[in-house]
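The residues making up each chain are set out below.
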Amino acid sequence: MLRRFFWLVFLLVPALAAGVTLNGAGATFPYPLYAKYFSAYHKLTGVRVNYQSIGSGGGIRQLYAQTVHFGASDAPLTDEQVEAFERKFGTAVVHVPTALGAVVPIYNLPGLSTPLRFSGPLLADLFLGKVKKWNDPRIAELNPGVKLPPFPVTVVHRSDGSGTTYVWTEYLAKVSQEWRDRVGVGKSVSWPTGLGGKGNEGVAGLVRQTPGAIGYAELVYAVQNKIAYGAVQNRAGKFVLADLATVKAAAAIDDFPTDTRVSLTDTPALDGYPVASFTWILVYRDLDKNRAFKSKAEAKALFDLLWWIVHDGQKLNEALHYAALPEVAVRASEANLRALRYRGEPLE
Amino acid sequence: MNLRRRYLRDRIMVAFVYLGTLVVLLPLGFILVHVFLSGVGALNWDFFTKPPAPPGEPGGGMLPAIVGTFVIDLMALAMGGALGLGGGVLMAEYPEHPLNRPLRLVANVLGGVPAILMGLFAFVVVVLPMGGFSAFSGSVALAVLMIPIIMRATEEVLRMLPWELREAGLALGLPRWRVTLSLVLPAAKGGIVTGLLLALARAAGEAAPLLFTAFGNSFLSFDPLGPMDSLPLKIYVYAISPYEDWIRQAWGAALLLVLLLMVTNYLARRAVRR
Amino acid sequence: MKARLYGKLGDALFTALLVALALGVLGVAGLLAWELWVGGAPAFRAFGFWGFTLSSEWNAVSERFGAWPFLIGTVVTSAAALILAFFPSLAAAIVVAEYAPRRLGEVVAYLIDLLAALPSVVYGLWGIFVLVPLVRDHVEQPLFLWSAEHAPALMGLLGPPTGIGMFSAVLVLALMILPYASSLARDAIRLVPREQREAMYALGATRWEVVRRVVLPYARGGIFAGVVLALARAIGETMAVTMLIGNSGQLPYSVFGPAATMASVIANEFTEAEGELHLASLLAVGFLLLLLSLAVNLIADFILRRMSVGEGRK
């Protein structure tokens, strides 16, 4: 018995030690997709990528503390954060977009069969607590023919800091002066009204349980949990329901910035859904500046991985309800990845 | 007061205390049934023998998390047990020692610190200096969590032993340390084991302190200096995903955890009776 | 001579070992407090200690932080949970230690210990899926409808009937801290010497009178210690409360309304906090939590020493 156990250990340990292991941490929203990527990539190349979803802010902080090979975030670094990395480590941080997500207004109004229509300013006023009843004339005006119940509006928002909140508040701030002044943009903001649920599933759960509730969540949560979500009027005046096509349309920008740090909310695209966003993987441009890298082999492995994600990996996105990157984003990422260095040497 | 009224009051109070007990136990029953019904469907062979699979792929299990839970918790028990036992014995056997008051205060105050701060502590003290996440740092966080429980349990148990036991030993000419090691501790063995197991059970259910320390790992790992997975972490991560098969597995893991805790508890009680 | 050396040296070594371990415990606690203080210092510097503690604005966008709503949330929920849990926990302890037949007592004791061992998230999940709908449909909804008809002034105070809020959080919290109070009370009751009871029975007392006049007074030290322990747990409890309390950064306005506690705000915002001041403020909240816990324990220590007459040797 004991001998067999030893054999097992002897067989296991070398098998476990073989190959490169990369550690990454950050955003929770793309975690299922990343789990899929890394599982597929392990089968393909034998490289183990261990990704843990500790939150976007956590991901950025761990990248700064150099405990991980790469971070992941739903919001791009702010200019101050970019500067902080430059100052401390003397290297830029490269943003590699991996997928697109959409945030949708979800609600619980029994008896409605078609999705409600919202305009940006209406959503802002709902979340400011200024529209108090569902049969308010401003809602009725956008939804002719819909029989709205006289329920009180219960706002549900995220209680934890979240990239989803960042995208949602960024959109509201773009379409409402009052939102910009009173609440502002952030991963956690001071909400004027409503209940806080922890995580996307917390918000979805509260909305589902509370008649008259309105909240916001990533599209995939609304779809998977079969919660009603509304169409949002985009800048072109069209009411757009979020799906993979309309989200992708929002990201097809002509003058795509080279660092890919771009906001997609309130898109001018004709068919674009106005509350969409990229999610990014973050790496040092000079990988040797990150203490987590012990060898060039690791740097090379990371480069290959990221290259694979923005190309072949994209095929995995849509099955999990994430939109694939548009062509412009892939081109920009190729250029950025080619600029990665390890001790000054390119990795391609 | 006349006799009949006194007997009546006696009866009423019996009903009252049993009712109070029932009020406590009913929700427990609800919770256990709920966890069992939600989780039992996920427990199969794959669950115990496979690493996790991405959403949408059938199969996949919790092997790395199950292994990791045992490794992390046992290391934590070793560290927390040593410190907690030391403190507890000092408080009970050397009542005159000046360290006792601060120790008792620390035992109580540490019990009120949210577990996530223990994780932060281990992050600053272990992860940053060592330059990476590790199962060991997770164990440190959980050990801090265990210390007050073990310390208090040890003290309670030792105090329950009659003082005459020590006096008998001392009268035989045994030095104090022999009395403690050979008479007091063996006599209190059951209670001490209970304390250890209860601390273990409490720590085994915590996810927050492991987030920034043990970190989690989708691959099977036995390396205490590398990232390692744990059941509560997996429950936390899977439960907040939108995918049905992951949520089902989260419930399965919750059920497994509860079963493990029930066994631990049962063993703890048996240890007392011995 | 040899025996003397054996005793002396052994004693010295053994005490040294114990003291070293105890110092380890104290060191860990001290380091923890120190880290929280250092981490939270920027927030205290920016707003002042009292400015931070007493301000009720918590806004990550304008970077203004105050811990007051969370302090209130923690104090109110913990106190309410303790009040709710006290009598049932005592009842359960009396049943196990005094009334129930041996076998039944063991089973009940086992189940109550199990209550302590269940992970916090499991309580939270149960709370959301079972308790919240129950509270919403059978407590808040009737109250809401009643006040709509008879006392419209109350409606603003009650808020919409959602089931999420302090009320549900307190119920679950009470359930969670109960075993801590109960198990210490049980141990204390078991410690009451047999002779004390028998003397009382011999005087013709009923069982309840024995419990009331002998057992409870004799065991009050242990009972009170259990209460303190339960309170400490309630103050630090995180996940289940976070899932149920509604997490509003505004001051709570009613028992049914949403609120937040110090532990819940840390759990909510810690992983995503990016701004230096935001992070520092969360650590500062952690430090205040430590202070609160310390204060509760010092007060309890004081009371305990004044009432420890019947606690046996001390």
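Residues numbered from 1 in each chain as written. Chains lettered and ligands numbered in written order. Predicted model: local features only at pLDDT ≥ 70, side-chain atom pairs only at ≥ 80, totals over all residues.

Chain C has the name Phosphate transport system permease protein in an unreviewed UniProt entry, where Oceanithermus profundus is given as its organism. Word for word, the UniProt comment on chain C under Subcellular location (unreviewed entry) is "Cell membrane". If you open the UniProt record of chain C and go to Function (unreviewed entry), you find "Part of the binding-protein-dependent transport system for phosphate; probably responsible for the translocation of the substrate across the membrane." (UniProt positions renumbered as here; feature names shortened; annotations may be inferred.)

Chain A is annotated in an unreviewed UniProt entry as Phosphate-binding protein from Oceanithermus profundus. Looking at the Sequence similarities (unreviewed entry) heading of the UniProt record, one finds this comment for chain A: "Belongs to the PstS family."

What to know about the interface of chain B and chain C
Facing 70 residues of chain B, the contacting portion of chain C comprises 68 residues. Broken down by element, the side of chain B that touches chain C gets its largest block of residues, 20 residues, from helix α1 (residues 3–39) of chain B. Residue classes in the side of chain B that touches chain C are distributed as 52 nonpolar, 10 polar and 8 charged. (Contact = placed C-beta atoms within 7 Å. Helix = DSSP H or I, 4+ residues; strand = E, 2+ residues; numbered from the N terminus. Nonpolar A, V, L, I, M, F, W, Y, C, P; charged D, E, K, R; others polar.)

A closer look at the UniProt feature "domain: PBP" (unreviewed entry) in chain A
The sites that UniProt annotates as "domain: PBP" (unreviewed entry) are residues 19–286 of chain A. For residues 19–286 of chain A, helix accounts for 35% and strand for 23%, while the C-alpha atoms at its two ends are 23 Å apart.

Some remarks on the interface of chain A and chain B
The interface of chain A with chain B comprises 25 residues on the first partner and 25 residues on the second. Of the residues forming the side of chain A that touches chain B, the biggest block, 5 residues, is contributed by helix α2 (residues 31–45) of chain A.

Quick look at the sheet that holds strand β4 (residues 93–107) of chain A
All names here are of chain A. Read from one edge of the open sheet, 8 strands run β2-β1-β3-β11-β4-β8-β6-β7, paired in mixed fashion. Two strands bound the open sheet, and with one partner strand each, they are β2 (48–53) and β7 (195–197). The sheet shows a mean angle of 25 degrees between the axes of neighbouring strands, direction not considered. Here 6 bridges tie strand β1 (residues 21–26) to β2, and the two strands are oriented parallel to one another. By the bridge assignment, A25 is partnered in β2 with Q52. Running over the sheet, helix α11 (residues 244–251) touches β4 and β11 (276–284) and is turned about 135 degrees from β4. (Pairing = 2+ DSSP bridges. Axes fitted to C-alpha atoms, helices over the stretch in contact; angles between N-to-C directions.)

Here we look at the sheet that holds strand β5 (residues 117–118) of chain A
Residues and elements named next belong to chain A. As summarised here, the arrangement of the 3 strands in space is β5-β9-β10, forming an open sheet in which the pairing is mixed. Only two strands of the sheet have a single neighbouring strand rather than two, namely β5 and β10 (239–240). One ladder, built from 2 bridges, connects β5 with strand β9 (residues 231–233); its direction is parallel. Note that in β9 the partner of R117 across the bridge is A231.

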